[in-house]
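A structural walkthrough
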Amino acid sequence: MAEQALDSYKSQEAQEDNKFEEVNFEEIGDKLKQDFEDSGSSKPILETNTNAVVDEVVLKRAFKPKRDSQGKEYYDTILTIKTVLPDGRESYDNYGGLREYSDGYWNSKKSAFGKLQALMIEEFGIKNRQEMLRKLSNAKVKIRTEKTTYNGNEYQKNIIKSFRE
């Protein structure tokens, strides 16, 4: 019985080995020389307000509900905005702080979503979240990198700082 299990393990391992190929270091030499910060799809770091265009706006809801301090059930909701810089670099940034309740939405004014909402009310006089999402699509913006902390970890986000014509 034990021999059969080991034999099947070996054949499974051989199948797993077929999913990868050995890489020649000389063929990928330039990629290996990249600094860690420059490799992959790292987020652009922008020290000043930088022109960008909103390319994608997606609202994401958590699968599992939570309960607020009054015991009402809600779902955490995040607005993810993809911006594209003039040089083609992309940034995906989350604006949290939005909650979906059975009877509507609520957000903290101090959250990333709340700050974006306040900026858009001031800039465009929007009246609701639907207007906000529509106005964001293909908007010309200025973004800047800010450090933010979430669950004790520090992240960098490219925040919309202003809108432009």
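Here the structure is shown first, and the text comes after it.
Within every chain, residues take consecutive numbers counted from 1 along the sequence as written. It should be noted that, the model being predicted, local features are given only for residues of pLDDT at least 70 and side-chain atom pairs only at 80 or more, the latter also being counted only at that level, while totals for whole chains, interfaces and linings use all residues. Note that the side-chain values use all heavy atoms of the structure and ignore hydrogens as well as water.

So, the packing of helix α3 (residues 112-124) against helix α4 (residues 129-136)
Filter applied, for reference: Note on geometry: axes are lines fitted to C-alpha atoms, helical ones only across the stretch in contact, with angles between N-to-C directions running from 0 to 180 degrees. Each helix corresponds to a stretch of at least 4 residues labelled H or I by DSSP, and each strand to a stretch of at least 2 residues labelled E; elements are numbered beginning at the N terminus. Oblique is the label for every angle not falling under 35 degrees (roughly parallel), over 145 degrees (roughly antiparallel), or within 65 to 115 degrees (roughly perpendicular). The contact criterion used is simple: two residues touch if any of their non-hydrogen atoms lie within 4.5 Å. Residue polarity follows a fixed list, in which Ala, Val, Leu, Ile, Met, Phe, Trp, Tyr, Cys and Pro are nonpolar, Asp, Glu, Lys and Arg are charged, and the others, Gly among them, are polar.
Two numbers describe how α3 lies on α4: the axes approach to 11 Å, and their chain directions differ by 80 degrees. Here α4 runs roughly perpendicular to α3, going by the angle between their axes. Facing α3, whose interface residues are Phe-113, Leu-116, Gln-117, Met-120 and Phe-124, α4 presents Arg-129, Met-132, Lys-135 and Leu-136. Taken together, the residues of the contact of α3 with α4 break down into 6 nonpolar, 1 polar and 2 charged.

What about the layout of surface pockets?
Quick reminder of the rule: In this analysis a 1.4 Å probe is tested at points of a 1 Å grid over the protein atoms alone, and where it fits but cannot get out there is a cavity; an open set with protein on both sides within 12 Å along at least five of seven lines is a pocket; lining residues have an atom within 4 Å of a point. Grid points are joined across faces, edges and corners, and a volume is the space filled by probe spheres set on the points.
Roughly 830 Å³ of volume is contained in the largest pocket. In terms of lining residues, the largest pocket is bounded by 32 residues, among which Asn-94, Tyr-95, Gly-96, Ala-112 and Lys-157 are the most central. Residue assignment for the lining of the largest pocket shows that the elements contributing at least two residues are β3 (73-84), β4 (90-101), α3, β6 (140-150) and β7 (153-163). For the lining of the largest pocket, the leading source of residues is β4, giving 8 residues. Tallied by class, residues from the lining of the largest pocket come to 13 nonpolar, 9 polar and 10 charged.

Here's the deal with the nonpolar core
The following threshold applies: Buried Ala, Val, Leu, Ile, Met, Phe, Trp, Tyr and Cys residues form a nonpolar core when they are joined through side-chain atoms within 4.5 Å. Throughout, exposure labels follow a simple rule: accessible area from a 1.4 Å probe, protein chains only, divided by the maximum for the residue type, with under 20% read as buried, over 50% as exposed, and the rest as partly exposed.
Counting residues in each nonpolar core, the largest one holds 21 residues, and the members touching the most others are Ile-81, Tyr-95, Leu-116, Leu-136, Val-141, Ile-160 and Phe-163. Among the elements of the structure, β1 (50-61), β3, β4, α3, α4, β6 and β7 are those that each provide at least two residues to this core. By residue number, the principal contributor to this core is α3, which donates 4 residues. Dropping the residues within four chain positions of it, Phe-163 is found in contact with Leu-116, Leu-119, Met-120, Glu-123, Phe-124, Leu-136, Ala-139, Lys-140 and Val-141.

Looking at α3
One full turn of an α-helix is made of 3.6 residues, so residues set three or four places apart face in the same direction. Under the convention used in this document: The span expected for a helix works out to 1.5 Å for each residue beyond the first.
Across its 13 residues, α3 extends 18 Å between first and last C-alpha, which sits within 8% of the 18 Å expected from 1.5 Å per residue. Packing partners of the buried residues in α3 comprise β3, β4, β5 (104-107), α4 and β7.

Some details on the pairing of β5
Let me state the cut-off plainly: DSSP bridges decide pairing: two strands pair if at least two such bridges lie between them.
In the sheet, β4 pairs with β5 via 4 bridges, with the strands oriented antiparallel. In the sheet register, Arg-99 faces β5, and the bridge partner there is Trp-106. The hairpin formed by β4 and β5 contains 2 residues between the paired strands.

Overview of the packing of aromatic side chains
To describe a pair of aromatic rings, you give the distance between the ring centres and the angle between the ring planes. Basically, it comes down to this: Geometry of aromatic contacts follows a simple scheme: Phe, Tyr and Trp rings, the Trp one being its six-membered ring, pair when their centres are within 6.5 Å, and the pair is stacked under 30 degrees between planes, edge-to-face over 60, tilted otherwise. Any Lys NZ or Arg CZ that is within 6 Å of a ring centre and within 35 degrees of that ring's normal is treated as a charge sitting over the ring.
Applying the stated criterion to the full structure yields 2 aromatic pairs. On the basis of an interplanar angle of 40 degrees and a centroid distance of 5.6 Å, the ring pair of Tyr-74 and Tyr-101 is categorised as tilted. Taken together, the positions of Tyr-74 in strand β3 and Tyr-101 in strand β4 put the pair 27 residues apart, joining distant regions of the chain. Accessibility assignment for this pair places Tyr-74 and Tyr-101 in one class, buried. Here Arg-99 stacks its cationic end above the ring of Tyr-74, 4.1 Å away from the centre of that ring. When the ring centre of Tyr-95 is taken as origin, the NZ or CZ atom of Lys-157, which lies over that ring, is 5.5 Å away.

So, the environment of Lys-161
Defined as follows: Nitrogen and oxygen atoms within 3.5 Å of one another constitute a polar contact, given that in protein one can donate a hydrogen and the other can accept it, and given that sequence-neighbouring residues count only through two side-chain atoms.
Note that Lys-161 resides in strand β7. Residue class for Lys-161 comes out partly exposed when judged on its relative accessible area of 27%. Lys-161 sits 45 residues away from Leu-116 along the chain, and the two C-alpha atoms are 8.4 Å apart. The contact partners of Lys-161, leaving out residues within four places of it in the chain, are Asn-49, Leu-119, Lys-142, Ile-143, Arg-144 and Glu-146. Within the structure, Lys-161 has its side chain in polar contact with the side chain of Glu-146 (distance 2.3 Å).

Let's talk about the pattern of salt bridges
Counted only if it meets this: Put simply, a salt bridge is a Lys or Arg side-chain nitrogen that is within 4 Å of an Asp or Glu carboxyl oxygen.
For the structure shown, the criterion picks out 9 salt bridges. Where Lys-43 meets Asp-93, a salt bridge forms, and the shortest distance between an N and an O atom there is 2.6 Å. On the criterion of sequence distance, the pair formed by Lys-43 in the loop between α2 (29-33) and β1 and Asp-93 in strand β4 is long-range, its members being 50 residues apart. The buried category is assigned to Asp-93, whose relative accessible area is 2%. Measuring nitrogen to oxygen at the nearest pair gives 3.9 Å for the salt bridge that ties Lys-72 to Asp-103. With Lys-72 in the loop between β2 (66-67) and β3 and Asp-103 in the loop between β4 and β5, this residue pair connects regions lying 31 residues apart in the sequence. Relative accessible area serves as the criterion here: at 41%, Lys-72 is assigned to the partly exposed category. Each of Asp-55, Lys-82 and Glu-90 takes part in salt bridges that share partners, so that together they form one network.

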